[in-house]
Amino acid sequence: MNFTQKLQKAAAANNSLLCVGLDPDTSLLPEGIRLEDFIRSIIDATRDLVCAYKVNFAFFEALGKSSFYYLEYARQCIPADIPAIADAKRADIGNTSKAYASAVFEQLGFDGITVNPYMGRDSLAPFIEYTDRGIFVLCRTSNPGSADFQNLEVTTREGCIPLYRAVAGKAAEWNRHGNIGLVMGATHPDELGVIRRQCPDMLLLIPGIGTQGGDIRMAVENGTNRQGEMALINSSRQIIHASLKADFAEKSREAALSLKEQINCFRGRG
Ligand code: OMP
């Protein structure tokens, strides 16, 4: 089963396009709760509400020498039938990318990864060669500074277009195995619609709702395909740190359920 098939199966089983982001901030853990228990409890509380989990490596790497242990632990807590995406934003010269891909896919066993397209095709090739994994290329990111480069006009065969559209065009061209998706921030709903029209059936990973201010309705309406699918709508802090107290797992479930239902309402599956 390839990444898209696994994702669609999980999305259908849980009737959900919600991707829960595991970005644990250890300063926000409830008193007396170990990180392992926090991660396991959040996953156990939300596993029937999501289409995927996205594990942000930064929060694990910040833990120092035990980071790999916690990454492995988080990966193992994610049920086998739910895609686990490594949010690592990797890519480098070929042999370095090969080592990154091996670490994420073989050592850690993730189903997908986020990658940065700035270094071009050969820097992404070692990831794309894992044809059963999902490769999410940063396209129009959610952060305020994303326009610095991503909106610059560049000259292509299609004429003068913003760089993020050129990235989407290249990603579509490289997508011979059907395993490439794009990261599109929910904070730019118009651009999201532009890319959905440019790439009608590509997978879009959409972060930026909630704390970053992206609108859920626009994310769903502009980000899903004609069938109301092929989008993963990510939320991290709003779910995993919904409560800083002992009821954190229960509150994370409530937040995830509410978000899943809002998303479904806007895709007509409420
Ligand atoms: P919350 O704002 O807490 O929901 O977290 C958003 C998550 O999505 C973080 O893990 C970010 O690193 C990630 N993200 C963005 O926020 N914006 C982007 O444009 C791309 C990503 C990403 O690649 O996941």
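Residues numbered from 1 in each chain as written. Predicted model: local features only at pLDDT ≥ 70, side-chain atom pairs only at ≥ 80, totals over all residues. Heavy atoms only, no water.

## Thoughts on the sheet that holds strand S3 (residues 84-90)
Pairing is parallel around the closed barrel formed by eight strands, whose spatial order is S1-S2-S3-S4-S5-S8-S9-S10. For this sheet, the mean angle separating the axes of adjacent strands, direction not counted, is 30 degrees. Relative to strand S10 (residues 231-235), strand S9 (residues 203-206) runs parallel, the two being bridged by three bridges. Each bridged residue has a counterpart across the sheet, and for Ile206 the counterpart in S10 is Ile233. Helix-sheet contacts for helix H12 (residues 248-266) involve strand S1 (18-22) and S10, and the interaxial angle to S1 is about 145 degrees. (Pairing = 2+ DSSP bridges. Helix = DSSP H or I, 4+ residues; strand = E, 2+ residues; numbered from the N terminus. Axes fitted to C-alpha atoms, helices over the stretch in contact; angles between N-to-C directions. Contact = heavy atoms within 4.5 Å.)

## Considerations on the packing of aromatic side chains
A complete count under the given rule lists six aromatic pairs for this structure. Aromatic side chains Phe38 and Phe248 sit 5.1 Å apart centroid to centroid with 25 degrees between the ring planes, which places their arrangement in the stacked category. With Phe38 in helix H2 (residues 35-46) and Phe248 in helix H12, the pair connects residues that are 210 residues apart, well separated along the chain. Residue class for Phe38 comes out buried when judged on its relative accessible area of 2%. For Phe248, a relative accessible area of 5% corresponds to the buried category. An aromatic cluster of at least three residues, connected via ring pairs, comprises Tyr69, Tyr70 and Tyr73. Over the ring of Phe110 we find Arg75, and its NZ or CZ is 5.8 Å from the ring centre. (Phe/Tyr/Trp six-rings, centres within 6.5 Å; stacked < 30°, edge-to-face > 60°. Buried < 20%, exposed > 50% of the residue type's maximum accessible area, 1.4 Å probe, protein only. Lys NZ or Arg CZ within 6 Å of the ring centre and 35° of its normal.)

## A closer look at the pattern of salt bridges
This structure, assessed with the given rule, holds 16 salt bridges. Across the pair Lys170 and Glu173 runs a salt bridge whose closest N-O atoms are separated by 3.7 Å. One end of the pair, Lys170, and the other, Glu173, are both in helix H8 (residues 163-174), three residues apart, so they sit about a helical turn from each other. Accessibility expressed as a relative area gives 43% for Glu173, which makes it partly exposed. (Salt bridge = Lys/Arg side-chain N within 4 Å of Asp/Glu carboxyl O.)

On their own, these measurements won't tell you what the molecule is for.
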